[in-house]
Amino acid sequence: MMQYSPKSNYLMQALWFSGYDSRINACQQKKGWIEAMKIQRRGAALMLCAALIASALAGCGGKDGPAEQRPAADTVEYTNLSDDASRQLLERLLSDAGVSEERAEGFFSRVDRFNDSVSAEWLTQGFEAAGITETKYDPYEMQDLWMAKNGAFPGYNCRITAMSLFGDFLSFGEDTDLDAGEDVLFVDEETLKADPGALGGSSLNDFRALYASMKAEDSTEVRRHVRTVQAQWRKRGVSFRDSERIRLITVFFHDKPSEEESLLFVGHVGVLLCAEDGTLYFIEKVAFQEPYRLLRFTDRTALSDYLMGKYDISWGQDTARPFIMENDALMEGWRPGAENNGSAPG
């Protein structure tokens, strides 16, 4: 396994209950079976109530209450979609979520192009478990092989991939007003000039409205930056179509390129799919010349641990920690990386 080691500068990271039996026996000895039956009914009612509450909280991966108290996860399950079973699973998930057939077909064609360009031994065969930052490949060797087969074409990254799948669940105003900071989309736009269809029908202007960096306060308080993201998206006319089966998961980074500048940018993004049984699946493209992944999680806290384990790795800076938006709200279950004592969601 190889270790993923992103750079410390955030901007560079753009280019993660019965105890009732004993009570009934005691009651039978003292007060007879009638009182015992009363207690039993009360117990059944309590357990039914608990079950209903748990069901209500389960939803799409739960609301992560107890999960927030557990240690951060250090392993994940993922597939690179090189096998029939995982591809068929994702096809069903996308269809159930309402992703159009055209967008799904375009996505799988780009998966095939990438997987056919690299060594099969670097890819999983079905779901496999690994450490959060472990890979089966050397990213530099993979990049070299991609370039040998695709020339100067950069490939597709997380932002292009997410937009290509999620585009029908986004709406944009007619006039896009970008209050943008330093441009971090220039390589993305190289790809989109060569392959405009990669957005699955979404426009370049819409792509910029969703992803262009945002001028931000010079603050380490995450809640302030969440409000900035929400305000900027409103200003740009970006709105999300609500669906319990598909959500956009965006990791925002705070950076200060200079003493005068403070900005927020999308360092990573993917699409969250919720299966009927509540299991969460996250689709991502790791990087331009790194693989597609479909990851499986029990809840949003586990997803947060994965993303923060990869990206919340720069300590001692005068910037806010990376934070995760689910559509246009801070994701429930988000927490800073386990090794960090920085920005709490307060």
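Residues numbered from 1 in each chain as written. Predicted model: local features only at pLDDT ≥ 70, side-chain atom pairs only at ≥ 80, totals over all residues. Heavy atoms only, no water.

Draft legend 1. Molecular detail of the side chain of Glu189. Tracing the chain through its elements places Glu189 in helix H7 (residues 186–194). A polar side-chain atom of Glu189 sits 2.9 Å from a polar atom in the side chain of Arg208. Apart from residues no more than four positions distant in its own chain, Glu189 is found in contact with Leu204 and Arg208. (Helix = DSSP H or I, 4+ residues; strand = E, 2+ residues; numbered from the N terminus. Polar contact = N/O pair within 3.5 Å; in protein donor to acceptor, adjacent residues only side chain to side chain. Contact = heavy atoms within 4.5 Å.)

Draft legend 2. Quick peek at the nonpolar core. Of all hydrophobic cores here, the largest spans 89 residues; its most connected members are Leu210, Leu273, Leu307 and Phe323. The biggest single contributor to this core is strand E9 (residues 263–274), with 9 residues. (Core = buried A, V, L, I, M, F, W, Y, C linked by side-chain atoms within 4.5 Å. Buried < 20%, exposed > 50% of the residue type's maximum accessible area, 1.4 Å probe, protein only.)

Draft legend 3. Spotlight on the packing of aromatic side chains. Inspection of the entire model under this criterion finds 16 aromatic pairs. Between Phe114 and Trp146, the ring centres sit 5.7 Å apart and the planes meet at 25°, which makes this aromatic pair stacked. A residue pair is termed long-range when its members are at least 10 positions apart, and Phe114 in helix H4 (residues 101–117) and Trp146 in helix H5 (residues 139–150) qualify at 32 residues. Residues Phe114 and Trp146 agree in their burial class; the two are buried. One aromatic cluster is present, formed by Phe107, Phe108, Phe114, Trp146, Phe153, Tyr156 and Tyr292 through successive ring pairs. Here the basic side chain of Arg110 rests over the ring of Tyr156, its NZ or CZ set 5.7 Å away from the ring centre. Looking at Lys285, its charged tip hangs above the ring of Phe114, at a distance of 4.5 Å from the centre. (Phe/Tyr/Trp six-rings, centres within 6.5 Å; stacked < 30°, edge-to-face > 60°. Lys NZ or Arg CZ within 6 Å of the ring centre and 35° of its normal.)

Draft legend 4. Focus on helix H9 (residues 222–235). Over its 14 residues, H9 extends 20 Å from the first C-alpha to the last, a length consistent with the 20 Å expected when each residue adds 1.5 Å. Gly237, located one to two residues past H9, shows a positive phi value of around 80°. (Expected span 1.5 Å × (residues − 1).)

Draft legend 5. Up close: unusual backbone geometry. Backbone geometry at Leu81 places phi at a positive 60°, although glycine is not the residue there. Here Leu81 is to be found in the loop between strand E2 (75–79) and helix H3 (84–97). Taking relative accessible area as the criterion, Leu81 reaches 0% and is therefore assigned buried. Here Asn327, not a glycine, exhibits a phi torsion of approximately 55°, which is positive. For Asn327, the position within the fold is in the loop between strand E12 (323–326) and strand E13 (329–330). For Asn327, a relative accessible area of 2% corresponds to the buried category.

Draft legend 6. The environment of Ser243, seen in detail. Mapped onto the secondary structure, Ser243 falls in the loop between strand E7 (239–240) and strand E8 (246–255). On the basis of relative accessible area, Ser243 is assigned to the buried category, the value being 13%. Here the alpha-carbon distance between Ser243 and Leu273, two residues 30 residues apart in the chain, equals 10.0 Å. Here the side chain of Ser243 touches Arg245 through a polar contact of 3.2 Å, landing on its backbone nitrogen.

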